[in-house]
Amino acid sequence: MKKYATLFVAGTFATATSAFAGGVVDDGVGLQQAGGNSGFMNVSDDSLPMLAAGTQELGIGGSVDLNDGVEWDLNFTYGWFIKDNWEVGFSVDWAGEDGDILRDSRFGIFTEYNFATGSKWVPYVGLGASYASSGDRFDPTDPAGTIGGVEGVAFSGELGIKYFIRSHMAVYGGVNFSWSPDDVFGVADEIGDNLTNIEIGMRFYF
């Protein structure tokens, strides 16, 4: 998957080794650590996912573009659960190619609902809105000399599933569709008004 595995493994170990010990309590929705961040590493393998109101989440992911051309697309998220299973937060996306880069960037907000199953498998659905911008790229066939450089508002929807390795750590995969009234997405040597990605990554809860 374009070498995403190295990034995800490194992120997992970096986050896990920064955690510290403590106790846990069961709130009926998922095991929660007692006393703030304490207990982050002491949750047993068979504990339920942390999806209770007040939980915070950090996410890192990468995408494979279904329209060939984008070599990498990184996604970073931070959110918090305003109600059990229901999350809101902020997202940053940055995509581009090696060599002669045509990239797009997006900064926005999102909401996500997790369907608790009583197991480690948690399907989810998400919606988002963002400010998006396609990067400039020199194009000798273009009288203006460049393509891209377009800014606008983009909207997105995502459907996927998470698997919780621990109550505070999950891997996920999903399909994301983004659309904009403007050509803000860079794809290979072109820009467009929509983009469909398969996204994989990790989520960390505290």
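See the structure shown above.
Source: prediction; values computed, not measured.

### Structural notes on empty space enclosed by the protein
Throughout the structure, instances matching the rule amount to one cavity of 30 Å³ or more. Looking at the largest cavity, its volume works out to about 340 Å³. Surrounding the largest cavity, 27 residues form its lining, Asn75, Ser91, Ser156, Glu158 and Asn176 being those nearest its centre. Looking at the lining of the largest cavity, the elements that each hand over two or more residues are strand 4 (72-83), strand 5 (86-96), strand 6 (104-114), strand 7 (121-134), strand 10 (151-166), strand 11 (169-179) and strand 14 (194-205). Here the lining of the largest cavity gets six residues from one element, more than from any other, and that element is strand 6. The residue inventory of the lining of the largest cavity, partitioned by class, reads seven nonpolar, 14 polar and six charged.

### Observations concerning the pattern of salt bridges
Per the counting criterion, the structure on display carries six salt bridges. Glutamate 57 serves as the salt-bridge partner of lysine 162, at 3.5 Å between the closest nitrogen and oxygen. In this pair, lysine 162 sits in strand 10 while glutamate 57 sits in strand 3 (residues 56-65), placing the two residues 105 residues apart along the sequence. The burial state of lysine 162 is the same as that of glutamate 57; both residues are buried. Across the pair arginine 106 and aspartate 73 runs a salt bridge, and its minimum N-O distance is 3.8 Å. One end of the pair, arginine 106, is in strand 6; the other, aspartate 73, is in strand 4, and 33 residues separate them in sequence.

### Some remarks on the packing of aromatic side chains
Per the stated rule, a full pass over the model turns up eight aromatic pairs. Considering the side-chain rings of tryptophan 80 and phenylalanine 90, the 6.0 Å spacing of their centres and the 45° angle between planes classify their relative orientation as tilted. With tryptophan 80 in strand 4 and phenylalanine 90 in strand 5, the pair connects residues that are 10 residues apart, well separated along the chain. Phenylalanine 90 gets classed as partly exposed once you look at its relative accessible area, which sits at 46%.

### Thoughts on the pairing of strand 6
With 10 bridges joining them, strand 5 and strand 6 adopt antiparallel strand pairing. Among the inter-strand pairings, tryptophan 94 is bridged to a residue of strand 6, identified as serine 105. Pairing analysis gives 11 bridges linking strand 6 to strand 7, with the strands arranged antiparallel. By the bridge assignment for strand 7, tyrosine 113 is matched with valine 125. Taking the residues that link successive antiparallel strands as the turn, the strand 6-strand 7 hairpin has six residues, and the phi of glycine 118 there is positive, at about 80°.

Here is what the cut-offs are and how they apply
- Residues numbered from 1 in each chain as written.
- Predicted model: local features only at pLDDT ≥ 70, side-chain atom pairs only at ≥ 80, totals over all residues.
- Heavy atoms only, no water.
- 1 Å grid on protein atoms, 1.4 Å probe; cavity = no way out; pocket = protein on both sides within 12 Å on 5 of 7 lines; lining within 4 Å.
- Points joined across faces, edges and corners; volume = space filled by probe spheres on them.
- Helix = DSSP H or I, 4+ residues; strand = E, 2+ residues; numbered from the N terminus.
- Nonpolar A, V, L, I, M, F, W, Y, C, P; charged D, E, K, R; others polar.
- Salt bridge = Lys/Arg side-chain N within 4 Å of Asp/Glu carboxyl O.
- Buried < 20%, exposed > 50% of the residue type's maximum accessible area, 1.4 Å probe, protein only.
- Phe/Tyr/Trp six-rings, centres within 6.5 Å; stacked < 30°, edge-to-face > 60°.
- Pairing = 2+ DSSP bridges.

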